[in-house]
Amino acid sequence: MTTKDRQIERRWEQLHTWGPYGLLGISVVLAFASAGRLFGRSAEWYAASALIVAAVVLQLWWHGTRHRRADRGRIPSRAGTAYYVVRWAIGFALTWIDPFFAFYAAAGYMDADELIPGRWQRLGLFASAVIVAGAQAGGMPFGSGVQWILFAALLVANSGLQMVVAHLTQQEAQRSRERTETITELERTNAALQQALDENAALHAQLLVQAREAGVSDERRRLAAEIHDTIAQGLTGIIAQLQVVAGAPDLTTARTHLERASGLARHSLGEARRSVHNLAPVALADDGLPEALKKTVAEWAERTGIRAEFTVTGTAEQLHEEIAATLLRIVQEALSNAARHAHATRLGVTLSFLGDEVILDIRDDGRGFDPLALPERTRAGGFGLDGMRARAERIAGTLTIEAEPGHGTAVSARVPLVRDDR
């Protein structure tokens, strides 16, 4: 409830508390000031005085029980109905003595909704209208048929007006309750939404941690396969060549095998340096993904002697570092596989920006393979294709491989376009 609503509620409470006192005071002043005949008849004077005292006592009693009703709010009750009936009876008797006391009887218009439950409210309003209409018709009892006709017309007018006002008041109260319920429901919804946002933020942070852990694990598997497929095999070849040198029958044979061992050592050293270089995407430190891929493809072509081309389509955008690093790793894996297995003469890499996604295609004209005939991965096997697919899936992407023996290989990675938010 707002401050303004509380102020309005407090003013209504004050009106319901002090209104009957004020209306009774107005009635007393007007009655005793204008009706000199009242002073001439002691019986009516005593009756009016007794009724006024009874009215004051009734108001004091009702006012005194206010603290007990505060916990229930302004809800109709049996005590409220009894108070309303007794007050109406006092008002009717006073108005019978002098019509000016109809002001006091009109207090029934103010608080019927607070004191009388349900459908009985309309009866209470009608009873109050009877007193007011009787006073407006000239006072009770009526002395002629004209007064009765006038009373009937005024009663219809007063009661009809009060019924309309009561109906509008009920509608407004209903709308107020509905607004309060709507606001309460919105507050609950907002609280639930905020809780969901907090939970989502916590889940997002947890997913980031899991993604980093998965990335570390994936990188370890990739490096294990890299070392096994390059450096370990190179060292095995060097050992084999040195063993031949140890048993060589002549110097020429020994020198030949030493040269082979030296070549294998240089190649293994290059592979070791490349593996260390690939621990982090250094190529992305100063350049965006397109520039990094262009340099990577050019260096690979120069190292392997295979003709390679890099193409960008669409409007290039600065990608989130995780997206850029993943696509760079996929290209590096694909190039490494092509150098070791494809025996290709030409290779092409295309990076396409398509609005809400990025597509990376690597194609070669090598000897290809049958994807369905690939052997299961073992501890001694490579990790290239599975590693690329795992990288793409980790950032909500997909990776497809099209290959056929004798007709080359095509690798396509499709990932969401997430822009760099820095």
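Computed from a predicted structure; not experimentally measured. (Residues numbered from 1 in each chain as written. Predicted model: local features only at pLDDT ≥ 70, side-chain atom pairs only at ≥ 80, totals over all residues. Heavy atoms only, no water.)

Caption draft 1: Spatial organisation of the overall build of the protein. What the protein contains, in helices and strands, is 13 helices and five strands. A burial count over the protein gives 36% of its 422 residues as buried. The contacts of the protein with a sequence gap of at least 6 include a subset with a gap of at least 24, amounting to 70%. Total accessible area computed for the protein in this model is approximately 24900 Å², and 60% of it derives from carbon and sulfur atoms. (Helix = DSSP H or I, 4+ residues; strand = E, 2+ residues; numbered from the N terminus. Buried < 20%, exposed > 50% of the residue type's maximum accessible area, 1.4 Å probe, protein only. Contact = heavy atoms within 4.5 Å. Areas by Shrake-Rupley, 256 points an atom, 1.4 Å probe, with all protein chains shown as cover.)

Caption draft 2: Inspection of the confidence of the model for the protein at higher detail. Averaged over every residue, the pLDDT of the protein is 81; residues scoring 70 or more account for 84%. Overall, residues 378-383 carries pLDDT values under 50, and its contacts beyond four positions in sequence, including any with other chains, amount to eight contacts. (pLDDT = per-residue confidence, 0-100.)

Caption draft 3: Inspection of the pairing of strand β2 (residues 346-353) at higher detail. Here β2 lies mainly inside the structure; seven of its eight residues are buried. In the sheet, strand β1 (residues 307-313) pairs with β2 via seven bridges, with the strands oriented parallel. In the sheet register, Val312 faces β2, and the bridge partner there is Leu351. For the crossover from β1 across helix α12 (residues 321-342) to β2, the handedness is left-handed. Relative to strand β3 (residues 357-364), β2 runs antiparallel, the two sharing seven bridges. Along β3, the bridge assignment pairs Thr350 with Asp361. The loop that links β2 with its antiparallel partner β3 comprises three residues; one of these, Gly355, has a positive phi angle of about 75°. (Pairing = 2+ DSSP bridges. Right-handed = clockwise from strand over helix to strand, strands pointing away.)

Caption draft 4: Representation of unusual backbone geometry. In the segment running from Met140 into Pro141, the intervening peptide bond is cis, with an omega of 0°. Considering the arrangement of structural elements, one finds Pro141 in the loop between α8 (120-136) and α9 (145-246). We note that His343 has phi near 55°; this positive angle belongs to a residue other than glycine. Of the residues examined, His343 reaches a relative accessible area of 58% and is grouped as exposed. Backbone geometry at Ala396 places phi at a positive 65°, although glycine is not the residue there. Counting through the fold element by element, Ala396 comes out in the loop between α13 (384-394) and β4 (398-403). For Ala396, a relative accessible area of 64% translates into the label exposed.

Caption draft 5: Expanded view of the packing of helix α5 (residues 78-97) against α8. Contact geometry of α5 with α8 gives a least axis separation of 10 Å together with a crossing angle of 10°. Here α5 is positioned roughly parallel relative to α8, judged by the angle of their axes. Across the interface between the two elements, Tyr84, Trp88, Gly91, Phe92 and Thr95 from α5 touch Gly124, Leu125, Ala127, Ser128, Ile131 and Ala135 from α8. Among the residues making up the contact of α5 with α8, the classes are represented as seven nonpolar, four polar and no charged. (Axes fitted to C-alpha atoms, helices over the stretch in contact; angles between N-to-C directions. Parallel < 35°, antiparallel > 145°, perpendicular 65-115°, else oblique. Nonpolar A, V, L, I, M, F, W, Y, C, P; charged D, E, K, R; others polar.)

Caption draft 6: Here's a closer look at the packing of α5 against helix α7 (residues 108-115). Their axes nearest at 9 Å, the elements α5 and α7 cross at an angle of 155°. One finds that α5 runs roughly antiparallel with respect to α7. Here the hand of the crossing between α5 and α7 comes out left-handed. Only Gly108, Asp111, Ala112 and Leu115 of α7 make contact with α5, whose side of the interface consists of Gly80, Thr81, Tyr83, Tyr84 and Arg87. Considered class by class, the residues forming the contact of α5 with α7 number four nonpolar, three polar and two charged. (Left-handed = near helix turned anticlockwise from the far one by under 90°.)

Caption draft 7: Representation of a nonpolar patch on the surface within the structure. Judged by side-chain polarity, Ile26, Leu30, Phe100 and Phe103 come together as a nonpolar surface patch covering roughly 310 Å² of accessible area. Position of Phe100 relative to the elements: it lies in the loop between α5 and α6 (102-105). (Patch = residues over 30% accessible without salt bridge, like charges linked within 9 Å, V, L, I, M, F, W, Y side chains within 5 Å. Salt bridge = Lys/Arg side-chain N within 4 Å of Asp/Glu carboxyl O.)

Caption draft 8: Representation of the environment of Arg394. With respect to the secondary-structure elements, Arg394 resides in helix α13. Of the residues examined, Arg394 reaches a relative accessible area of 26% and is grouped as partly exposed. Taking the C-alpha atoms as reference points, Arg394 and Ala214, separated by 180 residues in sequence, lie 8.1 Å from one another.

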